[in-house]
Amino acid sequence: MAEIIKMPKLSDTMTEGVVAKWHKKVGDKVKNGEIIADIETDKATMEFESFYDGTLLYIGAEAGKPVAIDALIAVIGKDGEDISKIISGAGTPAPAAESKKAEPVAATNGATNSTAKPAAETKKVEIPATINIVRMPKLSDTMTQGVVAKWHKKVGDKVKNGELLADIETDKATMEFESFFDGVLLYQGNEAGKAVEINSLLAIIGKGGEDITAIVAQEKAQGATVAPAAAPAKQEVATTTSAPVQQTVAVPVTQHTASTNGRIIASPLAKKIAKDKGIDIAVVHGSGDGGRIIKKDIETYTPGAGRNAASTFVGTESYTEVPVSQMRKTIARRLVESKNGAPHFYLTVECDMENAISAREAINKAAEKNGEAKISYNDIVIKACASALRKHPKVNSSWLGDKIRYNNHIHIGMAVAVEDGLLVPVIRFADGKNLSQISAEAKAFGKKAKDKKLQPADWEGNTFTVSNLGMFGIDEFTSIINSPESCILAVGGIRQVPVVKNNMVVPGNTMKITLSCDHRTVDGATGAAFMQTLKDFLENPIMMFV
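Keep in mind that this is a model prediction, so the values were computed, not measured.

### A word on the pairing of strand β2 (residues 16-22)
Okay, so step 1: When β2 meets strand β7 (residues 66-68), the two strands line up antiparallel, connected through three bridges. In the strand pairing of β7, Val 18 is matched with Pro 66.
Okay, so step 2: The pairing of β2 with strand β4 (residues 35-40) spans four bridges and is antiparallel. Each residue of the ladder has a partner; that of Trp 22, found in β4, is Ala 37.

Right, here's the structure in full:
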């Protein structure tokens, strides 16, 4: 009997996963315990093993795309087994081998429609190569509709590439709209003065004489809406416009820049006057929208005072878009929940680190002699926090809605920055461990986090978190609480500053620490008492061992 494999929940915060890589393909034999895929969660990429023997009959999750928890990702069974009911019952597409047999039915908006008519009744009209469909472009980031303020061409007129076709009024300005095609204007989709949705049919340009009745009817039946093409996983997008790649893509409008892919942006009249006067339009400085050259610029042009004489630098605006990783999605969701849900307040103290520096140097000198690993200032902070939490159990608490949990155990989360975001492995029972043990665990967790080898047991159960940016040159900062914890400590760097000792100003080394507290569980006085104890431990490390 076929076995269904669903997207597992591999962490407590995981809501969807991504199959980073399939190790098996449809038709391959699979054994119990064999790795069939790598699954990326919000915290790590983990190997996913099969629990069944058989043949991989179906893959329902494409590598690299997010899939919800419990969604069907694969089916394992016997060769030739009929799994059509399993797949249709799961609401997922049929296997690749079967789906090739059926022709997809085009829905009204380009997406699948369960109530669509048979393919024979909704056959898509083929657009001849000589036909170019012009759609209402999106000319501003906030534009949802456009209005043709004026048509400069009428049906039957010849149109050349670069000629002014219409004036389009957006939510921000009225802009000249040029044709990027040569041909005859066969159709105008809307009257001047009427609002039209973006991507709706604006005009049709062809060779002349083509029958466009079926094309227009199809566009109207589709609601004149075209879904934008899916962006690639990572792309470099320039705001300078270019000619459309596909015939049904909205024709771009020249704006913001003085040239697009080497083409000079100028009104048709300006081009004509420049040609008549023998002026090289490439050296004329445009005063219109986005540097557009207009009639006035040609008439007032003085040789030697054109573009080459301009002192301003003209660059190209661009940006890069990448899909949000599962880890970043979860970080964003949980931080928003914490910041909006927990009433934060902050307490900052400055610690004299002279004794901590001396203690660390002495410990590391002895460790070097014995061939042991050295300790860091972060290790000292973690140990000091664990010792202070033992004296102030109310800080080691969690808000659970209708009750407050006071944890008797002390598990310190250690924030680790990785390429995709932030991970918080947990040093368990930190108050009972010495500095060498804490240091060894911290180093091991740091390496596993960067290698994406942390397991769920490594990041669950923390009761307090330490976030240290001191090694990055940060003097002071505040952190967002890692719910459901009550507090998180932000640790700055050690700075050499003048300090007052024995009524004298002398060189000193200080470090600022800031405690973020959830006011529902920790009051100001409670947090202040904890910080005073923590300050005492950091300024006199020997007290942690008394």
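Alright, that's what it looks like, and here's the rest.
### Some details on the pairing of β4
Okay, so step 1: Burial of β4 is extensive: five of the six residues sit out of reach of the surface.
Okay, so step 2: Connecting β4 to the next strand, strand β5 (residues 45-49), in antiparallel fashion are four residues.

### Section: the packing of helix α8 (residues 377-391) against helix α9 (residues 435-450)
Okay, so step 1: Between α8 and α9, the shortest axis-to-axis distance is 9 Å and the interhelical angle comes to 115 degrees. The two elements α8 and α9 cross, and the hand of that crossing is right-handed. On α9, the residues touching Asp 379, Ile 380, Ile 382 and Lys 383 of α8 are Leu 435, Ile 438, Ser 439, Ala 442 and Lys 443.
Okay, so step 2: Broken down by class, the residue content of the contact of α8 with α9 amounts to five nonpolar, one polar and three charged.

### Some thoughts on the sheet that holds β4
Okay, so step 1: Across the sheet, which stays open at both edges, the four strands sit in the order β5-β4-β2-β7 with antiparallel pairing between neighbours. Each having just a single partner strand, β5 and β7 make up the two edges of the open sheet. For this sheet the average axis-to-axis angle between neighbouring strands, irrespective of direction, equals 40 degrees.
Okay, so step 2: Sheet topology places β4 next to β5; five bridges connect them, and they run antiparallel. Counterpart to Ala 37 in the pairing with β5 is Phe 48.
Okay, so step 3: Sheet strands in contact with helix α6 (residues 326-341) are β2, β4 and β7, and its direction is about 165 degrees off that of β2.

### Focus on the packing of aromatic side chains
Okay, so step 1: In total, this model carries one aromatic pair according to the counting rule given.
Okay, so step 2: Ring geometry for Phe 464 and Phe 530: centres 5.7 Å apart, planes at 55 degrees, overall tilted. Note that Phe 464 is positioned in strand β28 (residues 464-468) and Phe 530 in helix α11 (residues 524-539), a separation of 66 residues in sequence. Neither Phe 464 nor Phe 530 differs from the other in exposure class; each is buried.

Rules used in this analysis
- Here, residues in each chain are numbered from 1, in the same order as that chain's written sequence.
- In view of the model being predicted, local features appear only for residues whose pLDDT reaches at least 70, and side-chain atom pairs are presented and counted only at 80 or more, with totals across whole chains, interfaces and linings using the full set of residues.
- Excluded from the side-chain calculations are hydrogens and water; all other atoms, namely the structure's heavy atoms, are used.
- In this scheme, strands are said to pair when DSSP sees at least two bridges between them.
- What counts as a helix is a DSSP run of H or I of at least four residues, what counts as a strand is a run of E of at least two, and both are numbered from the N terminus.
- Under the scheme applied here, a residue whose accessible area is under 20% of the maximum for its type counts as buried, over 50% as exposed, and between as partly exposed, the area being computed with a 1.4 Å probe on protein chains only.
- Fitting a line to C-alpha atoms yields each axis, with helices limited to the stretch in contact; the angle taken between N-to-C directions then spans 0 to 180 degrees.
- Crossings are assigned a handedness: left-handed for a near helix turned anticlockwise from the far helix by less than a right angle, right-handed for a clockwise turn.
- Contact between two residues is taken to exist if any of their heavy atoms lie within 4.5 Å; hydrogens are not considered.
- Charged means Asp, Glu, Lys or Arg here, nonpolar means Ala, Val, Leu, Ile, Met, Phe, Trp, Tyr, Cys or Pro, and polar covers whatever is left, Gly included.
- For this analysis, a ring pair means two rings from Phe, Tyr or Trp (six-membered ring only for Trp) whose centres lie within 6.5 Å, classed as stacked if their planes differ by under 30 degrees, edge-to-face if by over 60, and tilted for the remaining angles.

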